Amino acid sequence: MTQTRTTKTRCPDEAFHQEGPPGYLARKEWARKLSLTHTQQQCPGCGLWVIWERTGGTT
Ligand SMILES: [Zn+2]
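As the structure is a computational prediction, the values presented were derived from the model and not from experiment.

Draft legend 1. Highlighting the overall build of the protein chain. Secondary structure assignment for the protein chain yields one helix and two strands. If you list the helices and strands of the protein chain from N to C, you get α-β-β. Looking at the 59 residues of the protein chain, the share that counts as buried comes to 0%. A fraction of 39% describes how many contacts in the protein chain between residues 6 or more apart in sequence connect residues 24 or more apart.

See the structure below:
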């Protein structure tokens, strides 16, 4: 249990990350709005939930 897994490794899909604005509340609101039209996905590169895929919503 002493092995620490580095999370700072560069993600190959980092370009697709959408982490939102800085600040907890701003990001929370941003994610809430985004979730109306997008689905949060796990990044295949790093496993973080930072991918937002647009759902087939009506525009
Ligand atoms: Zn990633």
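Don't stop here, the text continues.
Draft legend 2. Structural detail: the environment of leucine 36. Of note, leucine 36 is situated in helix H1 (residues 24-37). Exposure remark for leucine 36: the 8 C-beta atoms within 10 Å place this residue in the exposed category. A C-alpha to C-alpha distance of 9.4 Å links leucine 36 and arginine 54, two positions 18 residues apart in sequence.

Draft legend 3. Up close: H1. The terminal C-alpha atoms of H1 lie 21 Å apart, and with 14 residues this matches the ideal 20 Å at 1.5 Å per residue to within 8%. With zero of 14 residues buried, H1 is to be regarded as a mostly surface element.

Draft legend 4. The environment of leucine 34, seen in detail. Counting through the fold element by element, leucine 34 comes out in helix H1. For leucine 34, a count of 16 C-beta atoms within 10 Å puts it in the partly exposed group. Along the sequence, leucine 34 and glycine 20 sit 14 residues apart, while their C-alpha atoms lie 9.6 Å from each other.

Draft legend 5. Summary view of the environment of histidine 17. Relative to the elements of secondary structure, histidine 17 occurs in the segment before H1. What makes histidine 17 partly exposed here is the crowd of 15 C-beta atoms within 10 Å. Here the alpha-carbon distance between histidine 17 and tryptophan 52, two residues 35 residues apart in the chain, equals 7.9 Å. Here histidine 17 is in contact with Cys43 and Val50, once residues within four sequence places are set aside.

Calculation rules
- Just so you know, the residues in each chain are numbered from 1, in the order the chain's sequence is written.
- Local features are withheld for residues below a pLDDT of 70 in this predicted model, meaning they are given only at 70 or higher, and side-chain atom pairs are given and counted only at 80 or more; totals for whole chains, interfaces and linings count all residues.
- Numbering goes from the N terminus for both helices and strands, where a helix is a DSSP run of H or I of at least four residues and a strand is a run of E of at least two.
- Buried, partly exposed and exposed are defined by the number of other C-beta atoms within 10 Å of a residue's own C-beta, namely 20 or more, between the two limits, and 12 or fewer respectively, with C-beta atoms placed from the backbone.
- By definition, residues are in contact whenever their C-beta atoms, placed on the basis of the backbone, come within 7 Å of each other.
- Here a helix's expected span is defined as the number of its residues, less one, multiplied by 1.5 Å.

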